[in-house]
2 protein chains.
Amino acid sequence: MAGVNACWHDGDMTAPRRSDATRAAILTAARERFAADGFERATIRAIAADASIDPSLVMRYYGNKEKLFAAAAEFDLRLPDLDGVPPEGWGAAMVAHFLDRWAGDEKLLALLRSGVTHEAAAERMREIFAAQVGPLAARLAPDPASAATRAGLIATQILGFALCRFVLRLPPVVDLDRDAAIAWLGPTVQRYLHDSV
Amino acid sequence: MAGVNACWHDGDMTAPRRSDATRAAILTAARERFAADGFERATIRAIAADASIDPSLVMRYYGNKEKLFAAAAEFDLRLPDLDGVPPEGWGAAMVAHFLDRWAGDEKLLALLRSGVTHEAAAERMREIFAAQVGPLAARLAPDPASAATRAGLIATQILGFALCRFVLRLPPVVDLDRDAAIAWLGPTVQRYLHDSV
DNA sequence: GTTGTTGGCCAACACTTGTTGACAACAGTA
DNA sequence: TACTGTTGTCAACAAGTGTTGGCCAACAAC
């Protein structure tokens, strides 16, 4: 709370508001609810209750439920830089990265749970993979023409694993530890990314 | 519609009722709605409208929405008998079978769309894979101890593919034709089913 | 001080949901 | 004929939804 009137005389900084803490609390609660329940079952009232504020404040600060979701699901996969990794390690590195990313950020789970029944969430998911996994595949694939297909195939395995482990909770998939998951999925992603069909 | 009063003098047959056509129409409409919208967004009223009947009839014949879903999502994967297939063709045969199964029966899509937010649907999905994919893996896996894990891994790839192709509609995955899908996914399933880690 | 603005709560709106019960049309049977 | 059980229609309920507007206290600027 120190230096409340810090400089924001230019650039994309916006003025700090007294309600910033409330806004952040709403966003945090929204992410948790969307991740746990999906778009339709996550209610404004429940989100507001989690944030210990009135439901009408959610509307005032984010307009409507749709925009709240858009704000809560802003996301960067932070894909690793594989330039320093030998090609035979790409698959394992990708799987390891995604495992950590899924565990550490509820936004991905919120997107997955919501994307299945909510078109806007599905569209966001398409954008993320097109804009982030696509270019990575384009840089690393042996033939550029197949890059989009390779990115899509990687998505099928990564999202399928997340679906079975975090959403459907299939016991054998839940029980896999980190090393085993990398050992099993790594070669698959490796093949999709790098091998010829 | 011929032979309306066929024999049902024993066994598990139940007496034909004048409302059988209505019951069937409800079930068909329910499957379509659950597949298209998931459990919560598929409303009793919409299902009834599709079946051209009154919403209250749905309740009379199926009790409540939960039981309607259970009746609509009864499912058999009809896994192929791989005994006559050489081991190196198991992966491709499995992928081909699942592709046809997904395309030909809306129940699987209904289960997937609903299982993400509805616990009962997720539980049904776990049962199906435990009871049907599990035993198949147990018969074909090189070491019985790994059978459950192998079945789970196959589920991650198969369900992930269905998720990306039919639900999220990632363009590169939608664009894959049948042969290409088999060529890419076959070796993955093959490895999960048969290879040592 | 007295303004104007912001942050928050409360009560209500209009609508949709699953679900229920009453009632009329019909079938089969005695 | 009258009686009984089935099929279907209609209207309503109670609960929950996203969303809106009004009200008041706390703050900021003068």
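Residues numbered from 1 in each chain as written. Chains lettered and ligands numbered in written order. Predicted model: local features only at pLDDT ≥ 70, side-chain atom pairs only at ≥ 80, totals over all residues. Heavy atoms only, no water.

A closer look at the interface of chain A and chain B
Contacts between the two partners involve 43 residues from chain A, matched on the other side by 43 residues from chain B. In total, about 3,700 Å² of surface goes out of reach between chain A and chain B, with carbon and sulfur atoms giving 73% of it. The largest contributions to the chain A side of the interface with chain B come from A:Val116, A:Leu168 and A:Trp184, which together make up 20% of the buried area. Applying the counting criterion to the chain A and chain B interface returns two salt bridges. Among the ionic pairs, A:Glu40 bridges to B:Arg41, the shortest N-O distance being 3.9 Å. The interface formed by chain A and chain B holds 16 residue pairs in polar contact (both at pLDDT 80 or more) in total. The set of elements that each furnish at least two residues to the side of chain A that touches chain B consists of helix H1 (20-41), helix H6 (106-115), helix H7 (119-140), helix H8 (147-167), helix H9 (171-175) and helix H10 (178-194) of chain A. If one sorts the elements of the side of chain A that touches chain B by residue count, H8(A) sits on top with 14 residues. A class-by-class count of the residues in the side of chain A that touches chain B yields 24 nonpolar, 10 polar and nine charged. (Contact = heavy atoms within 4.5 Å. Buried area = accessible area lost by both parts, 1.4 Å probe. Salt bridge = Lys/Arg side-chain N within 4 Å of Asp/Glu carboxyl O. Polar contact = N/O pair within 3.5 Å; in protein donor to acceptor, adjacent residues only side chain to side chain. Helix = DSSP H or I, 4+ residues; strand = E, 2+ residues; numbered from the N terminus. Nonpolar A, V, L, I, M, F, W, Y, C, P; charged D, E, K, R; others polar.)

Some remarks on the packing of aromatic side chains
All names here are of chain A. Tallying each qualifying case throughout the model produces 10 aromatic pairs over all chains. Their ring planes at 85° and their centres at 5.6 Å tell us that phenylalanine 39 and phenylalanine 69 sit as a pair that is edge-to-face. With phenylalanine 39 in helix H1 and phenylalanine 69 in helix H4 (residues 65-72), this residue pair connects regions lying 30 residues apart in the sequence. Residue phenylalanine 39 shares its accessibility class with phenylalanine 69, and that shared class is buried. (Phe/Tyr/Trp six-rings, centres within 6.5 Å; stacked < 30°, edge-to-face > 60°. Buried < 20%, exposed > 50% of the residue type's maximum accessible area, 1.4 Å probe, protein only.)

Observations concerning the domain arrangement of chain A
All names here are of chain A. Considered domain by domain, chain A is made up of domain 1 (20-72) and domain 2 (87-194). Here the C-alpha centre of domain 2 lies 27 Å away from the C-alpha centre of domain 1. Both faces considered, domain 1 and domain 2 share a buried interface measuring about 1,000 Å² in area, 56% of it formed by carbon and sulfur atoms. Contact with domain 2 buries area across many residues of domain 1, yet Arg31, Ala35 and Phe69 alone supply 44% of it, more than any other trio. There are zero salt bridges connecting domain 1 and domain 2. Of all elements in the fold, only H1 and H4 reach the threshold of two or more residues within the side of domain 1 that touches domain 2. (Domains from an automatic or database assignment.)

Examining the relation of the copies chain A and chain B
Of the transformation placing chain A onto chain B, the axial shift is 0.0 Å and the rotation is 180°, giving an RMSD of 0.1 Å. What we have between these two chains is a two-fold relation. Scanning chain A for the C-alpha nearest the rotation axis identifies A:Gly160, at a separation of 1.7 Å. In this assembly, 100% of the residues forming the interface of chain A have copies in chain B that are likewise at the interface, indicating an isologous arrangement. (Least-squares fit on C-alpha atoms with pLDDT ≥ 70 in both.)

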